[in-house]
Amino acid sequence: MILSNFLKKKHKIQYFFLALLFFRFLISLVSSFLPLSFPDIWRQILTLSVSARYWSRWTLEKGHQNLFLPAVLDSGDLSGIMPMEFPLLNLLTAPCFSLGPYLGRSLSIFLYEILTFGLVLLNAGVWKNKKILGIESSPAMVLLPIFSLGVYWSTKYMPDFLSVLFVVLSMGLSWEKNRPLASLVTASLGLLMKPTAVILFFLMIAHPKRWRKALELSCWWIPALGIAFAYYTQGIAFIAQYQDMTSAVGVRPRSLTGGFNELFKNLPFISTFYYERAFFWGGLVLVLLSSLWSFYTKKTSFPWILWFISILQFVVLAVLDGGNLFYDHYYYLLVLVPVFCLLFVDALAKCESRILYMGLILGLLVPIVEVSLIDLKTLYWKPKELIWSMDVQVRELQKRNPSVPWRQGQPFRSSQEPFPFLGLHFGEIQGSKKAKFGFFYREDPFPSECRLLDQTPLVRLVSCSSF
């Protein structure tokens, strides 16, 4: 009861959200120096490996041209240049790998967390005193990384959440007074990092002068779309000219018909998502109860436009993406988080029942605690899994074998992996078929022309005869 009364006060709920944000930020800074945590470790490894490869190509490898084109780390004896989303995050953090694979990975994530946190605070400041359908927008912006899907993916080294922050910021800058240059820059950055962020512009439907405002803002959102379109057509085509291996990143046109069909095949997925993930498990019921009760008893407005926008965003995203989000790609739906945060803030503001109010607060708190414990798991969980000590094992191998050409930009043989886990930890290009040295998982066979040099509980280092 005391907590409920405390949180009911408008200015104090903002402080409560900020306290949770700072708590989550501190956890993310600590976890940036720990082994990668779920969800989507594979996606983080792919993104980090592109950053590592940038630094390798800039400082170690010889004979490469087009040094600012993105390349992957598991390229073997090829260039590894690969069409992908605009690699802004990779370019910014690539110099971190000058300090080696472990610190390079950790500091890249550390800088990502700082950038994310700064953009969240910037959004909260830009949206201060602005309302969307009568809902205070600034508290909703503070919630972005600690609520709904944001609490699970905002701290992961991926471009998806940053793209959401940039595009939401672009709208906030011009929500009242148009600021075309600032909005153009931020919107372009967001769309270049992830084109699906375009769906966030549907939020303009909630503007009181939606059509007039859309026309007024066309001086920057249309050019921003044009810049993104140019990159994802001409830019991707240019990069593809230098591609010499199969794509590992899904930047390609998708079948709209296929996406439309997948949408109707996965209706249970949609209902499950809204019930379990959109807010928190069962949160859909609590949010609707709060808003509907207030609507019928106090004649307050019901945010039906926001519900419409969320469904519209989901449908358009599923169609544009060819239905891929239904196959364990929840992070594609990060573009819906701003609407869910606004609906949650509205439900809190209108809630009349203390029990219901506490249910909403617990729904916010429990996922934050759960995810924080997962991120810090490698600090307290016993017995520890061997994979968590991969950095230590790699350093031991490198220290015991100084004659191996470490950090010289040379490719290594390796176990076959769907993503370059070994290469990222060794800080080396992996997947070669003819290199003189290689690293393999202990359970994997290595080529007959190779002999064992050294090993740890998980990894074998081998020396091979050249062809």
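Residues numbered from 1 in each chain as written. Predicted model: local features only at pLDDT ≥ 70, side-chain atom pairs only at ≥ 80, totals over all residues. Heavy atoms only, no water.

### Quick look at empty space enclosed by the protein
Reasoning step 1: If you walk through the whole model with that rule in mind, you get four cavities of 30 Å³ or more.
Reasoning step 2: Lining the largest cavity are 15 residues, with Arg43, Thr47, Met84, Glu85 and Asn90 sitting closest to its centre.
Reasoning step 3: For the lining of the largest cavity, the secondary-structure elements that each account for two or more residues are helix 3 (41-59) and helix 4 (88-93).
Reasoning step 4: No other element matches helix 3, which puts four residues into the lining of the largest cavity.
Reasoning step 5: Partitioning the lining of the largest cavity into residue classes produces 11 nonpolar, two polar and two charged. (1 Å grid on protein atoms, 1.4 Å probe; cavity = no way out; pocket = protein on both sides within 12 Å on 5 of 7 lines; lining within 4 Å. Points joined across faces, edges and corners; volume = space filled by probe spheres on them. Helix = DSSP H or I, 4+ residues; strand = E, 2+ residues; numbered from the N terminus. Nonpolar A, V, L, I, M, F, W, Y, C, P; charged D, E, K, R; others polar.)

### Regarding the pattern of salt bridges
Reasoning step 1: Scanning the model with the defined rule gives 14 salt bridges in all.
Reasoning step 2: A salt bridge links arginine 43 to glutamate 85, with the nearest nitrogen and oxygen atoms 3.7 Å apart. With arginine 43 in helix 3 and glutamate 85 in the loop between helix 3 and helix 4, this residue pair connects regions lying 42 residues apart in the sequence. In terms of burial, arginine 43 and glutamate 85 fall into one category: buried.
Reasoning step 3: Among the ionic pairs, lysine 194 bridges to aspartate 160, the shortest N-O distance being 3.2 Å. One end of the pair, lysine 194, is in the loop between helix 9 (180-193) and helix 10 (210-240); the other, aspartate 160, is in helix 8 (residues 159-173), with 34 residues separating them in the sequence.
Reasoning step 4: A residue is classified by how much of its surface remains accessible, and aspartate 160, at 4% relative accessible area, is buried. (Salt bridge = Lys/Arg side-chain N within 4 Å of Asp/Glu carboxyl O. Buried < 20%, exposed > 50% of the residue type's maximum accessible area, 1.4 Å probe, protein only.)

### Considerations on the nonpolar core
Reasoning step 1: Core analysis: the largest hydrophobic core is formed by 124 residues, its most contacted members being Phe17, Phe273, Phe279, Phe314 and Phe344.
Reasoning step 2: When neighbours within four sequence positions are excluded, phenylalanine 344 is seen to be in contact with Phe17, Leu143, Phe147, Phe279, Phe280, Val287, Leu360 and Leu364.
Reasoning step 3: Of all hydrophobic cores here, the second largest spans 15 residues; its members include Val50, Tyr54, Tyr231 and Val251. (Core = buried A, V, L, I, M, F, W, Y, C linked by side-chain atoms within 4.5 Å. Contact = heavy atoms within 4.5 Å.)

### A look at helix 14 (residues 304-320)
Reasoning step 1: Taking 1.5 Å per residue, 17 residues should reach 24 Å; helix 14 reaches 24 Å between its end C-alpha atoms and fits that length.
Reasoning step 2: Those residues of helix 14 that fall on the buried side of the exposure criterion are Ile305, Leu306, Trp307, Ile309, Ser310, Gln313, Phe314, Leu317, Ala318 and Val319.
Reasoning step 3: In this fold, the buried residues of helix 14 make contact with strand 2 (135-136), helix 10, helix 11 (256-265), helix 12 (267-277), helix 13 (283-297) and helix 15 (337-350). (Expected span 1.5 Å × (residues − 1).)

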